[in-house]
Amino acid sequence: IQGARNYQEDCAVVYPRDADGTTSKLVVALADGMGGHAGGAVASEIVCGRFVERFCAFGAPGQPTASIREKLSVALNDANFAVAERAQDDPGLAGMGSTLIGAELDHEGLHWVSVGDSPLFLVRDSEAVQVNADHSLAPELDRLAELGEISVEQAQNSSHRNMLRSAITGDEIDLIDLSRMPLQLIPNDYVLFASDGLQTLDNNEIARIVTAYSADGAGGVSAALLRAVEAMREPHQDNATVVAIRVLAG
């Protein structure tokens, strides 16, 4: 959804890895662009497309094989290079950038790499937990509040809270969250890939909605979450995108 914006800078891709089109393996990329109406949309599309293309090239005829961690790292760097290349070709796109959650889900679990503040949630037993790092200033402000250096109110209301400490801009990436081990998944888990527009809802509300609509499947869950965001009527609501994946038995 666009929220209160008159443009859409989010992009998401879900791609089945198996040659027969089944979904025992999935590659997912979600990106939240920045850089204005044109730049942000271009950046997020480039990042998603190039990440999935490069990740899935490994193991193809004539292509090398690699560990999942290596594939995630190489695909991220290739996406970053693609942003730099496009900005160089079109000076009007200078300064564009994007967040990224790139992941594979397979029999081992969830493997991911992320840059920026787009959250990756595991919802299990009516609890939503963000499993990737938040590269905005929000965690740093909250840490300062815990140390007593600023008040909780100052941390929560800071105008710098949503500023990014790391993004894909074509330059060196400052912070990268690369999973060291796969996160094991069990039947009826939900994995949510989202842009930060979803965080108009707190984690408890996200968990409540996922639990309430779980039986409706991934489509029902993602639609319910976006309806709840719209119902908040936040006057500055950002674009919001959700990819919901339900883990099935077997």
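Located above this text is the structure these notes cover.
The notes below deal with the structure included here. It should be emphasised that the depicted structure is a prediction, and the values quoted were computed from it without experimental measurement.

### Digging into the packing of aromatic side chains
1) Next: Inspection of the entire model under this criterion finds one aromatic pair.
2) Next: A centroid spacing of 6.0 Å and a plane angle of 25 degrees characterise the contact between F51 and F55, whose relative ring orientation is stacked. One end of the pair, F51, and the other, F55, are both in helix 1 (residues 36-57), four residues apart, so they sit about a helical turn from each other.
3) Next: Judged by its relative accessible area of 0%, F51 is buried.
4) Next: Against the face of F58 rests R54, its NZ or CZ located 4.6 Å from the ring centre.

### Some remarks on the pattern of salt bridges
1) Next: Under the counting rule described, the total for this entry stands at eight salt bridges.
2) Next: Between E140 and R143 there is a salt bridge; the shortest N-O distance is 3.3 Å. With E140 and R143 both in helix 3 (residues 138-146) and three residues apart, this pair spans about one turn of that helix.
3) Next: By relative accessible area, R143 is classed as partly exposed at 41%.
4) Next: When the shortest N-O distance is used, the salt bridge between D142 and R161 registers 3.0 Å. Here D142 is found in helix 3, whereas its partner R161 is found in the loop between helix 4 (152-157) and strand 8 (177-178), with 19 residues between them in sequence.
5) Next: You can call D142 partly exposed: its relative accessible area is 27%.

### Topic: the layout of surface pockets
1) Next: Approximately 920 Å³ is the volume found for the largest pocket.
2) Next: Along its surface, the largest pocket is lined by 29 residues, and D117, R161, N162, D196 and Q199 are the ones closest to its centre.
3) Next: Residue composition of the lining of the largest pocket, by class: five nonpolar, 14 polar and ten charged.

### With respect to helix 3
1) Next: The complete set of buried residues in helix 3 reads A138, L141 and A145. The buried residues of helix 3 occupy an angular sector of 65 degrees when the element is viewed end-on, so they sit on one face.
2) Next: On the buried face of helix 3, the contacting elements are helix 4.
3) Next: Once helix 3 finishes, G148 follows within two positions and takes phi at roughly 80 degrees, a positive value.

### A look at the environment of D106
1) Next: Position of D106 among the secondary structure elements: in strand 4 (residues 100-106).
2) Next: Each C-alpha atom, one on D106 and one on A145, is 39 Å from the other, the two residues being 39 residues apart in sequence.
3) Next: When sequence neighbours within four positions are dropped, the list of residues in contact with D106 reads S24, K25, I68 and H111.
4) Next: Among the polar contacts made by the side chain of D106, one reaches the main-chain amide nitrogen of E108 at a distance of 2.9 Å.

### Focus on the pairing of strand 9 (residues 190-194)
1) Next: With five of five residues buried, strand 9 is to be regarded as a mostly interior element.
2) Next: Alternating positions in strand 9 separate into two faces, Y190, L192 and A194 on one and V191 and F193 on the other, with burial throughout.
3) Next: By the bridge criterion, four bridges tie strand 6 (residues 120-124) to strand 9 in an arrangement that is antiparallel. The residue bridging F121 from the neighbouring strand is L192, located in strand 9.
4) Next: Sheet topology note: the strand 9/strand 10 (residues 242-246) ladder contains five bridges and is antiparallel. What sits directly across from A194, in strand 10, is V242.

Conventions and cut-offs
- Residues numbered from 1 in each chain as written.
- Predicted model: local features only at pLDDT ≥ 70, side-chain atom pairs only at ≥ 80, totals over all residues.
- Heavy atoms only, no water.
- Phe/Tyr/Trp six-rings, centres within 6.5 Å; stacked < 30°, edge-to-face > 60°.
- Helix = DSSP H or I, 4+ residues; strand = E, 2+ residues; numbered from the N terminus.
- Buried < 20%, exposed > 50% of the residue type's maximum accessible area, 1.4 Å probe, protein only.
- Lys NZ or Arg CZ within 6 Å of the ring centre and 35° of its normal.
- Salt bridge = Lys/Arg side-chain N within 4 Å of Asp/Glu carboxyl O.
- 1 Å grid on protein atoms, 1.4 Å probe; cavity = no way out; pocket = protein on both sides within 12 Å on 5 of 7 lines; lining within 4 Å.
- Points joined across faces, edges and corners; volume = space filled by probe spheres on them.
- Nonpolar A, V, L, I, M, F, W, Y, C, P; charged D, E, K, R; others polar.
- Arc of directions from axis to C-beta.
- Contact = heavy atoms within 4.5 Å.
- Polar contact = N/O pair within 3.5 Å; in protein donor to acceptor, adjacent residues only side chain to side chain.
- Pairing = 2+ DSSP bridges.

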